[in-house]
Amino acid sequence: MSTNPERQAFIDFLEQHPLTWDRLLQVLPDGVAFVDEGGIVRHANPLFLALAGYELDELVGRSVEVLLVERYRDAHVGLRRSFVFAGHVRTMGRHLNLTLRRHDGSELAVDIALAPIVLGGQPWIIVLMRDDSAERATARARDEIEQRFRLAFEDNMAPMAFTDLDDRCLAVNDAFCEMLGVERDELLGRDSVAFTHPADVGITESVHRQLVSGEVDRVRYVKRYVQRGGRVVVVEVAKSTARDEQGTPLYYVSSERDVTEERELTDQLAHRALHDPLTGLANRALFDDRLTHAFERVDRLGGYGAVMLIDLDDFKLINDTRGHVAGDELLAATAQRMESLTRTSDTLCRFGGDEFLYLAEGLSSPEEIEPVAARILDGLGTPFTIGGAVVEQRASIGIVVFDRDRLDRTSLIRDADAALYEAKRSGKGRAAVFAPDAPGATSGHVDIGSDLRHAMARGEIAVQYQPIVDLATLAVVGFEALTRWRHPVHGLVSADVVSTLAQQTGLSEELGAFVLREALGEVRAWSDVGDPAYVSINFSARQCGAPGFEEMIERELASSAVAPERLVIEVTDGSTPLDAAPGPAMERLARRGITFAIGNFGVGFSSLRHLTIVRPRTIKIDPWFMGESRDERAVRALIEAVAALGKQLAITVLVQGVATRAQYARLRELGCDLGQGPLFSPAVDAAVAPTFFGRAITMLDPVG
């Protein structure tokens, strides 16, 4: 058999330069030790000794078990004996996490290879050992990175996706699949167009173009998906570009949030902000906005518009004889009937109570409004069926026409009211157009409005106080100041009517100062008997924004010597956005210790964005939500949402109109803080208020 020349040359070289065992052990890159069949170390090379931390004479002659940590020693002896006679090489360490016990007691992660060999007729074991601590550390780091990835992506409760530069899915987590209602393999390798709402495909493509072009590196947007069953899911997407060290785009990372319920709640609250909750019609806020735009069009293009004030004749009899539930049902049915008769260009609004406002636009002559009014009156001529009974309900209408020379909303409502009075005086069930020289032009509500100027001086305006109760303890923590006008002819006039008349006659500021002065005087008297209750006083957003409002508050506080912390300013207005309230002035008053509240929250102009404008400490949920004819499930969900929002923003939630023990129990369960309403007490005279001090309220609904 021929020998390879190169191999033969090497053999000849070795014969001329013999390599001793000791020399070989010196140059090997691993630690090497010889162990006899009894487990005694007989020799080791310098690298083995360095790893073990021993000198040669310290290790030779000792059992190999001294190199094992305590937890491995018992199992080692039996394994060693069986291995000696196994007759094959065994590599250990990669998956066993072997650990060497060094001479100083420290531990070192190692890889070990064992080879049986027979020398002089005796079995031996050659142990080869290598430091594995660096590789172990690398493996641990890799495991930690993988674990963090699982936590951040695979196990993340937020839907997440990795997409390539063509926006195809590379990876998605379980939450993403659950959000779309599809399996993972249905998404991988595909883009999201197949699951995106058709109207939002353009949004997705536009955002992708921005990322690909480098115009942006990260983006946040809202889009809609359509699940297999047809349900639409609204999501907020945060998408970023992942790049390599040279800045080259590699892929995109998306984190998404299902905001469907949040958007539905926001839409509901936004709708309620501009619509009457009972009838679904526009409220005064939306009407005011539409009227502003109508003024702008008339001023720009000419022509005419008209406002009709519609009042249901003798509606009070329905409430008195059939109850308020039947009255609400009739109001809703009447509104629906009138809305069906409304021109598409016009706006029908519930003005308040049983009054409605109708805005007619695009008239070429003043006479065009009369057929519109006649159509509404004729439509109401057909009886209604309420609670199984047939009910006839007529209405009277006051009409005022405007053109570019007459664009003042206050005078329009006032003159429509005067025309309505004339229609009522003429026999009801008819319409009347305002004429400045007609007898009715200075009658009706206009007369009452003029009386208001003298009512305060004559002592006809009184302030009553309705207790505000801590729902947890039933303790009275404060009072809301409410105005009452005892008119010598018309009897008791409610706070709502007084407020409306004050706005129409320009007396809001004077009336507000009067109520503030009266209420702070009472708070001062309560202080003298040691009670810390606060007083809440209503001001419209327009009043808060009027020049001198801040100075008036400061002046009256100083005059009464009442601590600012005992005054709550409740900002409420059905016809002016809360944005009209001046932020800087309110901030300065708040720094003085005065608390701000948003009244009638959930209706009118109140909306989520006003929580950042007014920055209230309290929100007062409107009494409408406590009505008997409301959808209890929907109301419960809305109140629960507002209560949760209040806790997140550290805002106290007060519910108005609490009338029964059942409502009280439900509000406590939903996490509301304070309550106010007939269950606890009606508004009382100032002399009665101190009787509530220092005791829990007695609920006035024993049956519940």
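Before any of the text, the structure's been laid out above.
Residues numbered from 1 in each chain as written. Predicted model: local features only at pLDDT ≥ 70, side-chain atom pairs only at ≥ 80, totals over all residues. Heavy atoms only, no water.

**Re the nonpolar core**
(1) Moving on: With 73 residues, the main nonpolar core has Ile553, Leu567, Ile569 and Phe680 as its most contacted residues.
(2) Moving on: The greatest single-element share of this core, amounting to nine residues, is contributed by helix H17 (residues 508-528).
(3) Moving on: In contact with Leu567, not counting residues within four places along its chain, are Leu516, Leu520, Val535, Ile537, Ile553, Leu557, Ile594 and Thr595.
(4) Moving on: Judged by nonpolar contacts, the second largest core, of 30 residues, contains Leu330, Leu377, Ile386 and Ala395. (Core = buried A, V, L, I, M, F, W, Y, C linked by side-chain atoms within 4.5 Å. Buried < 20%, exposed > 50% of the residue type's maximum accessible area, 1.4 Å probe, protein only. Helix = DSSP H or I, 4+ residues; strand = E, 2+ residues; numbered from the N terminus. Contact = heavy atoms within 4.5 Å.)

**Points about the sheet that holds strand S9 (residues 218-226)**
Neighbouring strands of a sheet are bound in pairs by backbone hydrogen bonds; such pairs are parallel or else antiparallel.
(1) Moving on: Read across the open sheet, the five strands follow the order S8-S7-S11-S10-S9; overall the sheet is antiparallel. Only two strands of the sheet have a single neighbouring strand rather than two, namely strand S8 (169-172) and S9. Between one strand axis and the next, the sheet turns through 25° on average, direction left out of account.
(2) Moving on: Seen against the sheet, helix H8 (residues 201-213) touches S9, strand S10 (232-243) and strand S11 (249-258) and runs at an angle of roughly 155° to S9. (Pairing = 2+ DSSP bridges. Axes fitted to C-alpha atoms, helices over the stretch in contact; angles between N-to-C directions.)

**Quick look at H8**
Because an α-helix packs 3.6 residues into every turn, residues spaced three or four apart end up facing the same way.
(1) Moving on: The first and last C-alpha atoms of H8 sit 18 Å apart over 13 residues, in line with the 18 Å expected at 1.5 Å per residue.
(2) Moving on: Burial in H8 covers these residues: Val201, Thr204, Val207, His208 and Leu211. Projected down its long axis, H8 shows its buried positions confined to an angular sector of 135°, all on one face. Residues of H8 that are exposed and point more than 90 degrees away from the buried face comprise Arg209 and Ser213.
(3) Moving on: Residues of H8 that are buried make contact with S9, S10 and S11.
(4) Moving on: Of the residues flanking the end of H8, it is Gly214, one or two places downstream, whose phi is positive at about 80°. (Expected span 1.5 Å × (residues − 1). Arc of directions from axis to C-beta.)

**Considering the environment of Val237**
(1) Moving on: With respect to the secondary-structure elements, Val237 resides in strand S10.
(2) Moving on: Through-space distance from the C-alpha of Val237 to that of Asp258 is 9.0 Å; in sequence the pair is 21 residues apart.
(3) Moving on: When near neighbours in sequence (up to four residues on either side) are disregarded, Val237 contacts Val219, Arg220, Tyr221, Lys223, Ser254, Ser255 and Glu256.

**Here we look at a negative patch on the surface**
(1) Moving on: A cluster of like negative charges, contributed by Asp258, Glu261, Glu264 and Asp267, occupies part of the molecular surface.
(2) Moving on: At three residues, helix H9 (residues 260-274) tops the list of elements feeding residues into the negative patch.
(3) Moving on: Relative to the helices and strands, Glu264 resides in helix H9.
(4) Moving on: Exposure remark for Glu264: the relative accessible area of 44% places this residue in the partly exposed category. (Patch = residues over 30% accessible without salt bridge, like charges linked within 9 Å, V, L, I, M, F, W, Y side chains within 5 Å. Areas by Shrake-Rupley, 256 points an atom, 1.4 Å probe, with all protein chains shown as cover. Salt bridge = Lys/Arg side-chain N within 4 Å of Asp/Glu carboxyl O. Lys, Arg positive; Asp, Glu negative; His and termini not counted. Charge placed at Lys NZ, Arg CZ, Asp CG, Glu CD.)

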